[in-house]
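Summary of structural features
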Amino acid sequence: MNPFSSGTRLRDMIRAIRSCKTAAEERAVVRKECAAIRAAISENDQDYRHRNLAKLMFIHMLGYPTHFGQMECLKLIASSGFPEKRIGYLGLMLLLDERQEVLMLVTNSLKQDLNHSNQYIIGLALCALGNICSAEMARDLAPEVERLLQFRDPNIRKKAALCSIRIIKKVPDLAENFINTSASLLREKHHGVLITGVQLCTDLCKVSSEALEYFREKCTESLVKTLRDMANSPYAPEYDVAGITDPFLHIRLLKLLRILGHGDDDASDCMNDILAQVATKIESNKNAGNAILYECVGTIMSIEDNGGLRVLAINILGRFLSNRDNNIRYVALNMLMRAMAVDAPAVQRHRATILECVKDSDASIRKKALDLVYLLVSESNVKPLTKELIEYLEASDQEFKGVLTAKICSLVEKFAPEKIWYIDQMLKVLSEAGNFVKDEVWHALIVVISNASDLHGYSVRALYRTFQTSAEQESLVRVAVWCIGEYGDMLVNNVGMLDIEEPITVTESDAVDAVEVAIKHHASDLTTKAMVLIALLKLSSRFPSCSERIKDIILQNKRSFVLELQQRSIEFNCILQKHQNIRSALVERMPVLDEATFSGRRAGSLPTSVSISTGAARNLPNGIAKPAAAPVADLLDLSSDDAPAPSSSGGDFLQDLLGVDLSPVSAPSTSQPPKGGTDVLLDLLSIGTSPPEQSNSSASDILCSIQDNNAPLASLNDLTSLSPLSANATSPASPAPVMDLLDGFGPNLQKNEENGPDYPSLVAYESSSLRMTFNFSKQPGNPQTTLIQATFTNLSPNVYNDFLFQAAVPKFLQLHLDPACSNTLPANRSISQSMKLTNSQHGKKSLVMRTRIAYKINDNDVLEEGQVNNFPGGL
Amino acid sequence: MIHFVLLISRQGKVRLTKWYSPYSQKERTKVIRELGGVILSRGPKLCNFVDWRGFKVVYKRYASLYFCMCIDQDDNELEVLEIIHHFVEILDRYFGSVCELDLIFNFHKAYYILDELLLAGELQETSKKTVARLIAAQDSLVETAKEQQGSISNIIAQATK
């Protein structure tokens, strides 16, 4: 005999493992045991197979790998004796799961055991099948299980019933085979069979509407009767829990009734009385009773409306909510959440109590209560509820702050009645928990401030004040710095003072102080510091008196180890020193950020390549509410072979505008495509793509003039191909060419503006029924953007209704489509529609567009598609 | 439905695990570590429910052992507490005032009892007496088989002497 396999007994092994003092010792013991077991397996040792498997199970529980024992389970199951089978099935359930292919090998043994003469062996097989069977096994063995549902011994019937649940969950198609037999289980007296039968019916209803109809019709009344008998039954010691007979059965019955009554008036009527009886008679001083009441309330909430019962249910929840037991309060909150859908006003009555629960010491209850408060908020009560939540934010512990802040922000955003309130609340949140908010939150705040032109002054002053007290909250600092940079003059001059404000006196140097604090603060990260540099650049022109000091601060970052900061510092310094003439134009206020685009991007609904802005599409008067996402997408495939333009996507522009798109490696000079000459300047100005509105920005003028001139562009490219460090830091000459280029373009700029060339008009599309003509014009000084006036002429004698023009362009173009002047096109008449096309690769690529025109003649849809690639050059 | 049952000692040692939904070995280890951390750190007066990955975990401490069951969002938490108690009472009756050591050395018996109580993640039997009777019957089957085997090997041993 193998010296190992005689080995230790199970008990001795457990003792040996328990006596280990260190993890290493334990590993050694386990390793030795595993080696012995492996040896026994390879010798095919019969005598100790069950003991070895028991050991393996213990080792498995400790978390060691035991896959080598899987085949041993199968061998034990295949042997004839009950003890071997018992441990074999246990091992099977423990060591394997339904996804292992080994499991398929056991199907045959299972089938034999399901037909065994010993009922306990049938029981073992049913148990294993119910716990781990896969879909294939379920299919193979379903007939056996179905037959066992009528087995003489009730203990097998109940196991077969639960096994059937597993089978129909794995293979819902099999459900109909079980409907009849499971209905007969509902008439059983044996509690075990009855409870499993009820459970099986519940699960059948979930997977098959046919079963639901069947049970609703045939079984509702008898189930109600069973529940009534149960509720009125005298003391039964075998099933008694805290004075109630079989609360488990109560609960399962109520659960099934809930499904049967949902959406069906007759069934609901049928169960009204018994529900009322359960809700009033069950004692609520023990957990078992409360469990039944809780289930009963759930059923009342789900079945069809009965005013009286609902009141009863809400009252029970009210009682639960004031209970001192945390468990009861937790389930009350849980159920109130469901009750919101049925009877919101009734839940609102408990608002004060629910708010108290947000402050509970128990994290589970806090979270539930917060979820519920979130549902309770509406336009009418957002102010007091937000006030409460924000007050609590101060006191809450660190790990809860994240969740709480996210909820508050989302509420404030969703329900804010006016912008000033929104800004106020956000400031409070940011000053309290600014380190916990996500980036979208403060981005959104900036967008809102930017859009509220009458609140610019108010916002910047409020931010300045808050900044003085909460300088450690990163996202607050960022918003404050951005606003001071943009609206610094309003801060100093108290512009746009509101009545509610207290006047403050801030000198220009105070404002610069604040920004300086932000860049020097040790906790400020790269994004914040980069934003500060931009703010300083902007302030240098707003506050001429401080410009020397600002220059010093900017210069301090010249030696920063962070490439981004170093580069910005050097570039900005050049602007300050050499380009006084264009500086004020460069640092003009940012154009208003487009709220629609931003929210579209947040919702993820704006694919970056779709050039039709969602806002514009939504406003089309052509009667089509959904702006045809699919056609746009397939129209766009013409652009798929173009390399995406670096910053033409509408989605990213905010990021770029804020200058926050900073991954350290993405410094502009390192990853330049050949066309990068423009990008260097774009980044230099930290303006990503200019949104269409920005027609008068001199920044883009300069860019355009660069593009018109090929020679300097080449040298720019040379420049950018240098490594960033040598370009910016080590060779002092390098920055100069950039600036010289800028100098050189001054005159060009003027020329370009004056003589914008005329372009011939173009018949973009013509068919027998329709002609589309494009007329082109340019805005002075913005050669990238082309204004197109499209004229649609009806060449037929019919009237076109619901006329809709759609266009798609490749990624390097940006299209802004205005609404057409009418969506009806009478016979032989014309309508027009204007659009704005921005070519980010102006001078390199010419325009191209795919079009689709849809309209109706006498309610018949007509669709005409075309591609326009004969645009005049130079657009 | 109950997705899994866990018994964890106060030191975080696993005493029993039963999985009714498929979890890979890696996931199982992760689940145990995660939940152990959450549950063992909760104070004694707090409620017995923890929201976890879209499920709810109901736990209850008996002496040095935490009994945990993971259920769906719309299951009845209070009932699960009763099920846990039901299980503990059956264990108690079987082992005669059960302690952690009983469950360590006779872990397979604890599994057998659990298999008579729960199947496919659902409650199977509400009568403690029936469970006790079924377990006793199967134990005696094992005993007789052992005796028979013993007597056979005795006979063989004597015959070969």
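Small disclaimer: the values here were computed from a predicted structure and weren't measured.

Concerning the confidence of the model for chain A
Reading fine detail from the predicted coordinates is not recommended where pLDDT is low. Per-residue confidence for chain A gives a mean pLDDT of 76; residues scoring 70 or more make up 81%. Confidence drops under pLDDT 50 across residues 1-6 of chain A; counting only partners more than four residues distant or on other chains, this segment forms 11 contacts.

A word on the nonpolar core
For soluble globular proteins, the rule of thumb is that nonpolar side chains tend to be buried together. Within the largest apolar cluster, 279 residues are counted, with the highest numbers of intra-cluster contacts made by A:Leu92, A:Phe215 and B:Leu118. Not counting the four nearest positions on each side in its chain, A:Leu92 is found in contact with A:Cys73, A:Leu74, A:Ile77, A:Leu103, A:Val106, A:Ala128 and A:Ile132. Membership of the second largest hydrophobic core comes to 32 residues, among which are A:Phe803, A:Leu817, A:Tyr855 and A:Phe871.

Thoughts on the packing of aromatic side chains
Within a pair of aromatic rings, the relevant descriptors are the distance that separates the centres and the angle that separates the planes. Following the criterion strictly, the structure yields 20 aromatic pairs over all chains and no others. Judged by centre distance (5.8 Å) and plane angle (80°), the rings of A:Tyr214 and A:Phe215 are edge-to-face. Since its relative accessible area comes to 25%, A:Tyr214 is described here as partly exposed. Their ring planes at 85° and their centres at 5.9 Å tell us that B:Phe4 and B:Trp52 sit as a pair that is edge-to-face. With B:Phe4 in strand β1 (residues 2-9) and B:Trp52 in strand β3 (residues 49-52), this residue pair connects regions lying 48 residues apart in the sequence. Of the two residues, B:Phe4 and B:Trp52, neither departs from the other in class, the shared state being buried.

As for the pattern of salt bridges
With the rule as written, the count across this model stands at 37 salt bridges over all chains. One salt bridge in this structure joins B:Asp51 and A:Lys368, with 3.2 Å as the shortest N-O distance. Note that B:Asp51 is positioned in strand β3 and A:Lys368 in helix α20 (residues 363-376), a pairing that runs across two chains. For A:Lys368, a relative accessible area of 4% corresponds to the buried category. Taken together, the shared-partner salt bridges connect A:Arg9, A:Asp12 and A:Arg15 into one network.

Digging into the side chain of A:Ser769
Along the chain, A:Ser769 falls in the loop between β3 (762-766) and β4 (770-778). Once residues lying within four places of it in the same chain are set aside, the contact partners of A:Ser769 are A:Thr793, A:Asn794, A:Leu795, A:Ser796, A:Tyr800, A:Tyr855 and A:Glu864.

What about the sheet that holds strand β6 (residues 801-808) of chain A?
All names here are of chain A. Sheet architecture is open: three strands sit in the order β6-β9-β10, paired in antiparallel fashion. Strand pairing shows two members of the sheet lacking a second neighbour, β6 and β10 (860-868), which therefore form its edges. Strand-to-strand twist across the sheet, computed as the mean angle between neighbouring axes with direction ignored, equals 15°. The pairing of strand β9 (residues 849-857) with β10 spans nine bridges and is classified as antiparallel.

Structural notes on helix α1 (residues 25-40) of chain B
Residues and elements named next belong to chain B. Taking 1.5 Å per residue as the helical rise, α1 with its 16 residues ought to reach 22 Å, and the 22 Å between its terminal C-alpha atoms agrees with that figure. Listed in full, the buried residues belonging to α1 are Arg28, Val31, Ile32, Leu35, Gly36 and Ile39. Buried residues of α1, viewed axially, fall in a sector of 125°; they line one side. Within α1, the exposed residues directed more than 90 degrees away from the buried face are Lys26 and Arg33.

Let's talk about the interface of chain A and chain B
Counting residues at the interface gives 73 residues for chain A, matched by 65 residues for chain B. Buried surface at the junction of chain A and chain B, summed over both partners, amounts to about 5,900 Å²; 55% is from carbon and sulfur atoms. Among the residues chain A hides against chain B, the three largest losses belong to A:Met61, A:Arg86 and A:Phe248. Together they make up 13% of the total. At the boundary of chain A with chain B, the tally comes to eight salt bridges.

Re the sheet that holds strand β4 (residues 55-62) of chain B
Residues and elements named next belong to chain B. Pairing within the open sheet is antiparallel, and its five strands lie in the order β2-β1-β5-β4-β3. The open sheet has two free edges, formed respectively by β2 (14-19) and β3, since each of these has just one partner strand. Averaged over all adjacent pairs, the angle separating strand axes in this sheet is 20°, with direction ignored. Here helix α4 (residues 107-117) sits on the sheet in contact with β1 and β2, set at roughly 35° to β2.

Structural notes on the pairing of β3(B)
All names here are of chain B. Where β3 and β4 come together, four bridges link them in antiparallel fashion. Its bridge partner being in β4, Trp52 is matched across the sheet by Phe55. If you look at the hairpin formed by β3 and β4, you'll find two residues sitting between the two strands, and Arg53 has a positive phi there, around 45°.

Some details on the confidence of the model for chain B
Residues and elements named next belong to chain B. Here chain B shows a mean pLDDT of 90. Residues at 70 or above account for 99%. Mean pLDDT across the elements of chain B ranges from a minimum in helix α5 (residues 128-159), with 85, to a maximum in strand β5 (residues 65-71), with 94. The complex prediction reports pTM at 0.64, with the ipTM value standing at 0.93.

What about helix α27 (residues 508-520) of chain A?
Its 13 residues give α27(A) an end-to-end C-alpha distance of 18 Å, which sits within 8% of 18 Å, the value for a rise of 1.5 Å per residue. Along α27(A), the residues that are buried comprise A:Ala511, A:Val512, A:Ala514, A:Val515, A:Glu516, A:Ala518 and A:Ile519.

Calculation notes
All residue numbers refer to positions counted from 1 along the written sequence of the respective chain. All chains are assigned letters beginning at A, and all ligands numbers beginning at 1, according to the order in which they are written. Selection of residues for local features in this predicted model requires a pLDDT of at least 70, selection of side-chain atom pairs for listing and counting requires 80 or more, and totals for whole chains, interfaces and linings are taken over all residues. Side-chain metrics rest on all non-hydrogen atoms present in the structure, leaving aside hydrogens and water. Looking at any residue, its pLDDT shows the predictor's confidence there, from 0 to 100. Whether two residues are in contact is decided by their heavy atoms, any of which lying within 4.5 Å being enough. We call a set of buried Ala, Val, Leu, Ile, Met, Phe, Trp, Tyr and Cys residues a nonpolar core when their side-chain atoms join them within 4.5 Å. Relative accessibility decides the category of a residue: with a 1.4 Å probe and only protein chains considered, values under 20% of the type maximum give buried, values over 50% give exposed, and everything between is partly exposed. Note on aromatic contacts: the rings of Phe and Tyr and the six-membered ring of Trp form a pair at centre separations within 6.5 Å, being stacked when their planes are under 30 degrees apart, edge-to-face when over 60 apart, and tilted otherwise. Secondary structure follows DSSP: runs of H or I at least 4 residues long count as helices, runs of E at least 2 residues long count as strands, and numbering of each begins at the N terminus. A side-chain nitrogen of Lys or Arg and a carboxyl oxygen of Asp or Glu constitute a salt bridge if their distance falls within 4 Å. Any two strands with at least two DSSP-identified bridges between them are counted as paired. Fitted lines through C-alpha atoms give the axes, limited to the stretch in contact for helices. The angle between two N-to-C directions lies from 0 to 180 degrees. Take the residue count of a helix, subtract one, and multiply by 1.5 Å to get its expected span. The reported arc concerns the directions from the helix axis to the C-beta atoms and nothing else. Note on terms: buried area is the combined drop in 1.4 Å-probe accessible area of two parts once they are placed together, counting the loss on both.

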